[in-house]
Amino acid sequence: MTRLPRWADLVLVPLISLALAFAISALVILSIGQNPVEALKVMVTGALGSSYGWGYTLYYATNFIFTGLAVAVAAHAGLFNIGAEGQASLGGLGVALVALALPWPHWGVALPVAMVGAALFGAMWAFIPAILQAKRGSHIVITTIMFNFLAAALLNWLLVNVLRPPGSMDPASARFPESTQLPRLTDMAAAVGIEWGKSTPANISFLIALAACVLVWLLIWRTPLGYEIRAFGRSERAALYAGIRPARIIVIAMMISGGLAGLMAINNVMGEAGRLLLNSAEGAGFIGIAVALMGRNHPVGIVLAALLFGFLYQGGAELALWTSIPRELIVVIQALVILFTGALDNMVRMPLGRLFGAR
């Protein structure tokens, strides 16, 4: 198969995959007697047609940027980290312990410490599968999947038996102090005289996620460690020949990946809920896999893919609210996007390769 030009690989393949996913989704909507054009209008209006919709779209996109970056860093080392869901959940535990530990005077003091706690807990949850892969040859896919379930069970026990306030029936931690509440994008816009995104959960974590994209780009493409990660991911034999230690790269890449997944908790736990809830990750770790695949493991692509999935989440919620299309069908639409942009990527790439080869 002819190798595609870089622009075609980065732009054309994802766009065609998306078009196919939306075309199949339109047929599914037609099959239940609904109008796909009207459904698309509701989704676009609900997710992008107002500052309110944009606020929720950016909130969801923030989660997906963190988990997409987490999957991408591991992928550059040739590792498939499916454990971002559990690592994000443990990151929430780190945030909760930090937020509840001290009477923080201001969010600006609490946020850096909470970020360290979130990243540390996420990294440590990724460390065990990493060391098992590096030292014992245990496959990273199997161990990270297993650790997702272990994280859910651990948080369930902690929230019910340890962190739940006395007298409360809700399996959740105590509310964080008011001083730890992160500024929302609404407040930041109001500070410069702009009314934007009223009553939406989008907060300063979105800007932190963008900063994380820049830092990951610098790490992977502008540092010796990033070169070692990419070299090991391309060829373990060549990396060994160049003096790169596989065990070291596996552990470091997975801990960075876990730390990035854990950082998601500053958005949904500290920025939105204000306490640690059961199932706080809400599937964002798994969506991060699709985001990284669609974004070609590059920070710019990950931001664009995260915005797309943020649009699908918010647009899907509006679709369920204002139409008779069932919520389950909206999940099907999201699954079709994941299927065509991830699992069926070669279905688009191979015909395009033949087309470019013929030219």
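Keep in mind that this is a model prediction, so the values were computed, not measured.

> So what exactly am I meant to see when it comes to unusual backbone geometry here?
Excluding glycine, most residues fall at negative phi; most peptide bonds, likewise, are trans. A positive phi is found at N279, a non-glycine position, where the angle reads about 55°. Mapped onto the fold, N279 is located in the loop between helix 12 (265-273) and helix 13 (284-294). A positive phi angle is found at R296, which is not glycine, with a value near 55°. Locating R296 in the fold gives a position in the loop between helix 13 and helix 14 (299-322).

> Looking at this model, I keep getting lost on the nonpolar core. Mind explaining?
Burial of nonpolar side chains together is a common tendency in soluble globular proteins. Ranked by internal contacts, the top residues of the largest apolar core, which has 103 residues, are F64 and F309. For this core, the element with the highest residue contribution is helix 3 (residues 51-76), accounting for 13 residues. Residue contacts for F64: discarding those within four places in its chain leaves A284, I287, V291, A306, F309, G310 and Y313. Core analysis: the next-biggest nonpolar cluster, separate from the first, contains 6 residues, A8, V348, L352 and F356 among them.

> What should I look at first to understand the side chain of R275 in this one?
Within the element layout of this structure, R275 appears in the loop between helix 12 and helix 13. With relative accessibility at 19%, the residue R275 sits in the buried group. A distance of 3.1 Å separates the side chain of R275 from the side chain of D170, its partner in a polar contact. Setting aside its immediate chain neighbours within four residues, R275 contacts D170, A172, S173, A174, R175, F176 and V269.

> Can you walk me through the packing of aromatic side chains in this structure?
Each aromatic ring pair is described using two quantities: the centre-to-centre distance and the angle formed by the ring planes. Evaluation of the coordinates by the stated rule reveals 7 aromatic pairs. Between the aromatic rings of Y60 and Y313, the centroid separation amounts to 5.5 Å while the plane-to-plane angle is 55°, which identifies the pairing as tilted. Of this pair, Y60 sits in helix 3 while Y313 is found in helix 14, placing the two residues 253 residues apart along the sequence. For Y60, a relative accessible area of 18% corresponds to the buried category. According to the relative accessible area criterion, Y313 is buried, its value standing at 19%.

> I tried to follow the pattern of salt bridges on my own but got confused; where do I start?
For side chains of opposite charge, pairing can occur when their charged atoms come near one another. All told, the structure shown has 5 salt bridges when counted by the stated rule. Linking R296 and D9 is a salt bridge whose minimum nitrogen-to-oxygen distance equals 3.7 Å. Pair noted here: R296 is in the loop between helix 13 and helix 14 and D9 is in helix 1 (residues 6-31), with a separation of 287 residues, a long-range link. A salt bridge links R248 to E228, with the nearest nitrogen and oxygen atoms 2.6 Å apart. Of this pair, R248 sits in helix 11 (residues 246-263) while E228 sits in helix 9 (residues 224-234); the two residues are 20 residues apart in sequence, bridging distant segments of the chain. A relative accessible area of 33% places R248 in the partly exposed class. When salt bridges that share partners are traced, they join D9, R296 and R349 into one network.

> Quick question: what am I supposed to make of the confidence of the model for the chain here?
As a note on interpretation, predicted positions should not be read in detail where pLDDT is low. Of the residues in the chain, 99% have a pLDDT of 70 or more, and the chain-wide mean is 92. For the chain, the element scoring lowest by mean pLDDT is helix 15 (residues 327-343), at 80; helix 8 (residues 205-222) scores highest, at 98.

> Help me understand the packing of helix 1 against helix 16 (residues 345-358) in this model?
What describes two packed helices is the angle between their axes and the distance between those same axes. Two elements in contact, helix 1 and helix 16, have axes whose closest approach is 10 Å; the angle formed by their N-to-C orientations is 125°. Classified by the angle between their axes, helix 1 and helix 16 sit oblique to one another. Like other packed secondary-structure pairs, helix 1 and helix 16 cross with a definite hand, here right-handed. Touching W7, A8, D9, L12, V13, I16, S17 and L20 of helix 1 are D345, M347, V348, R349, L352 and F356, all from helix 16.

> When you look at helix 3 in this model, what are you seeing that I'm missing?
Side chains three or four residues apart in an α-helix point the same way, a direct result of the helix having 3.6 residues per turn. Taking 1.5 Å of rise per residue, the 26 residues of helix 3 would be expected to cover 38 Å, and the 36 Å separating its terminal C-alpha atoms lies within 8% of that figure. With respect to burial, helix 3 is a largely interior element, 21 of its 26 residues being buried. Count one or two residues on from helix 3 and you reach G78, which has phi positive near 75°.

The rules behind these values
Residues numbered from 1 in each chain as written. Predicted model: local features only at pLDDT ≥ 70, side-chain atom pairs only at ≥ 80, totals over all residues. Heavy atoms only, no water. Helix = DSSP H or I, 4+ residues; strand = E, 2+ residues; numbered from the N terminus. Core = buried A, V, L, I, M, F, W, Y, C linked by side-chain atoms within 4.5 Å. Buried < 20%, exposed > 50% of the residue type's maximum accessible area, 1.4 Å probe, protein only. Contact = heavy atoms within 4.5 Å. Polar contact = N/O pair within 3.5 Å; in protein donor to acceptor, adjacent residues only side chain to side chain. Phe/Tyr/Trp six-rings, centres within 6.5 Å; stacked < 30°, edge-to-face > 60°. Salt bridge = Lys/Arg side-chain N within 4 Å of Asp/Glu carboxyl O. pLDDT = per-residue confidence, 0-100. Axes fitted to C-alpha atoms, helices over the stretch in contact; angles between N-to-C directions. Parallel < 35°, antiparallel > 145°, perpendicular 65-115°, else oblique. Left-handed = near helix turned anticlockwise from the far one by under 90°. Expected span 1.5 Å × (residues − 1).

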